[in-house]
Amino acid sequence: MTLPRTADDADGGGGEPRDAELGATATATAVSASALSRAGSPRLARLTDAYGSLERRLAEPRIRRRIEIAAPVAILGLAAVARLVGLGNPHLLIFDETYYVKEGWSTWQLGYEGEWAEGANERFEAGDPGALSTEADYVVHPPLGKWIIGMAMAVFGMGDPFWWRLPSALAGIALVGLTYAVARGLLRSVAFASLAGFWMAIDGFAIVMSRTALLDGILAVFVLAGAGALLLDRRGSPARTVRALAARRGRFGAALWNRPWIIVAGVLLGAGCATKWSGGAFLALFGLWIVVMEALDRRRAGYRHPWLGTLLTQAPASFVLLVVPALVVYVASYAGWFDGGWGSQLMLERADLRWGGLLAWVPLGLQSLWAYHAQQLGFHVGLTNDHAYQSPAIEWLWLGRPTGFKMVTVEDGSWWITAVPNLLVWYAGVLALGFLLFHVGRTLDRRAAFLLLAVAAGYVPWLLFPDRTIFFFYAIVFLPFLVIGLAFTLQQLVALRAPARAATSGDARTALDEDLAAAIPPVPGTETARRDTASEPVDDVEWRAAAWSIVALLVVTSILVAAWYLPVWYGIPLPDGLMRLRFWPPSWP
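All figures in this text were calculated on a predicted structure; none of them were measured in a lab.

> Account for the packing of aromatic side chains, with residues named and values stated.
Scanning the model with the defined rule gives 36 aromatic pairs in all. For the ring pair Phe-282 and Phe-286, a centre distance of 5.8 Å and an interplane angle of 65° mean the geometry is edge-to-face. Of the two residues, Phe-282 and Phe-286 both sit in helix α15 (residues 279-301), four residues apart, roughly one turn of that helix. No difference in accessibility class separates Phe-282 from Phe-286, as the two residues are buried. Taking 6.0 Å as the distance between ring centres and 65° as the angle between the ring planes, the aromatic pair formed by Tyr-459 and Phe-478 counts as edge-to-face. Of the two residues, Tyr-459 is situated in helix α20 (residues 446-463) and Phe-478 in the loop between α20 and α21 (479-494); the sequence distance between them amounts to 19 residues.

What follows is the structure in structure tokens.
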């Protein structure tokens, strides 16, 4: 489960040692370790020799192949255990499950969300769905996520809470796997992709969202999968642009329509929008990312008007490839709604509201859907009801108020289910955002820029509504990118004094170099002799050993933090004194 290399590889960018280059690193390690053993203290020398021996061992092809298979399998296994064990507990509708579990059941029974009678929660928890009526209910979120939540209940029944939550748990496991895959493609390292996947697997925020039947965890899967599809489109994109230039030397260049991964991204991001509207921010910003990357590719390839050409040719094509599939998926998710959902018959019943003029041809069902969305928008913009656990987006980064999903008092204390992240991973990830900003400003690294863009898409729109009722658990959609950003930052730390990448020969050239040479022949007389740039690698094994020690310390500490907060993630009863020690921030709740 690995995303292929990104366009930065084709560009020849990135200075970090890849897993494939560990052999050269390990060779340099042997030289450096030997030198340290002669010059340094005996204890430091022994530690350095031990680290160098381990590094050389892990660089062996046989060992590397086993790790590449075992690492994601182990991470997914850990994620599955953390999310599936005891999934049916508590036997209660938790937090917004009171909406989405019942609506998930309703969509599979009626095709749309029906109204529930008084006392429906107690009857539903007892295994009795009889409180559901055929009268359509007014709801404010698209239906796809509820169709997904109701899948297991449609097959196995609604009597066991395990089936209420199984689709969300499977989505949570998939989110961990996708985090590993996207990190593997961006960072080109099994080790740091494993870090990102492991931290997602043990993160309490991700665990609670996986063990509760809400829409946001499902949205996060679609968004991360869509991001992965865009990264796959970037694979070899610069070289593709150059070949297009060689084939057709127009003033503005030709549009490239053979971009299947953009279509896949459109489908996935459209599914995200069909789960919650907040997926639209990712669709918009990722679409902008496609256009900017295409313009940069064209500039490097030698197009005369790269930005104007992109806006006139490729941008419209990319819009069609991305947005049209997204729109089709979004409208298709309302298939059941057209046959009886709230407001679906509005235009049939109210001729005075029907569109006229140039829009008279639009089917009445779509006109009703538009009117319904206008009402939904008014609800979302005007939602200002006070809630005990509301948290403006400005508070999210310092965890001003994590969302308490459920609290029950028992004889010897109480139990809580709270969507609080692993504190070490969260705060380290927030600090890593500062490094990513600095790194992008210094190097224009497109990978770091993509991670920042993804975090911004999930966070910044909520800052625009400071008075709206907002909850911290919305942040689950950008948590994977935050964790990958932390892994990226640690990779830069370890690679700070890694051996320089050496060319295999003076004539070594990338595929992009060859395409550039074919498309843009050099001006006669300007050729310069190529020099062999290969040089003996300069290595600092002591630095790498120290950096990996920091990484190991973070991993161990994050495990201890996870163990400490386990009771408030799983609803384990504790005496009040011990429970208060786990409140975060300490003033919570």
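The rest of the description comes next.
> Outline the pattern of salt bridges, listing residues and values.
Summed over the entire model, instances satisfying the criterion amount to 16 salt bridges. Here Arg-259 and Asp-233 are joined by a salt bridge, their closest N and O atoms 2.8 Å apart. Remark: Asp-233 occurs in helix α12 (residues 215-234) and Arg-259 occurs in the loop between α13 (237-247) and α14 (260-273); sequence separation between them is 26 residues. Overall, Arg-259 belongs to the buried group, its relative accessible area being 2%. Shared partners join several salt bridges into a network, and the residues in it are Asp-233, Arg-259, Glu-294 and Arg-298.

> Can you lay out a nonpolar patch on the surface for me, pointing to particular residues and giving the numbers?
Taken together, the side chains of Trp-257, Phe-319, Val-320, Val-324 and Val-328 present a nonpolar region at the surface, about 490 Å² in accessible area. Topologically, Trp-257 is positioned in the loop between α13 and α14.

What counts and how
Residues numbered from 1 in each chain as written. Predicted model: local features only at pLDDT ≥ 70, side-chain atom pairs only at ≥ 80, totals over all residues. Heavy atoms only, no water. Phe/Tyr/Trp six-rings, centres within 6.5 Å; stacked < 30°, edge-to-face > 60°. Helix = DSSP H or I, 4+ residues; strand = E, 2+ residues; numbered from the N terminus. Buried < 20%, exposed > 50% of the residue type's maximum accessible area, 1.4 Å probe, protein only. Salt bridge = Lys/Arg side-chain N within 4 Å of Asp/Glu carboxyl O. Patch = residues over 30% accessible without salt bridge, like charges linked within 9 Å, V, L, I, M, F, W, Y side chains within 5 Å. Areas by Shrake-Rupley, 256 points an atom, 1.4 Å probe, with all protein chains shown as cover.

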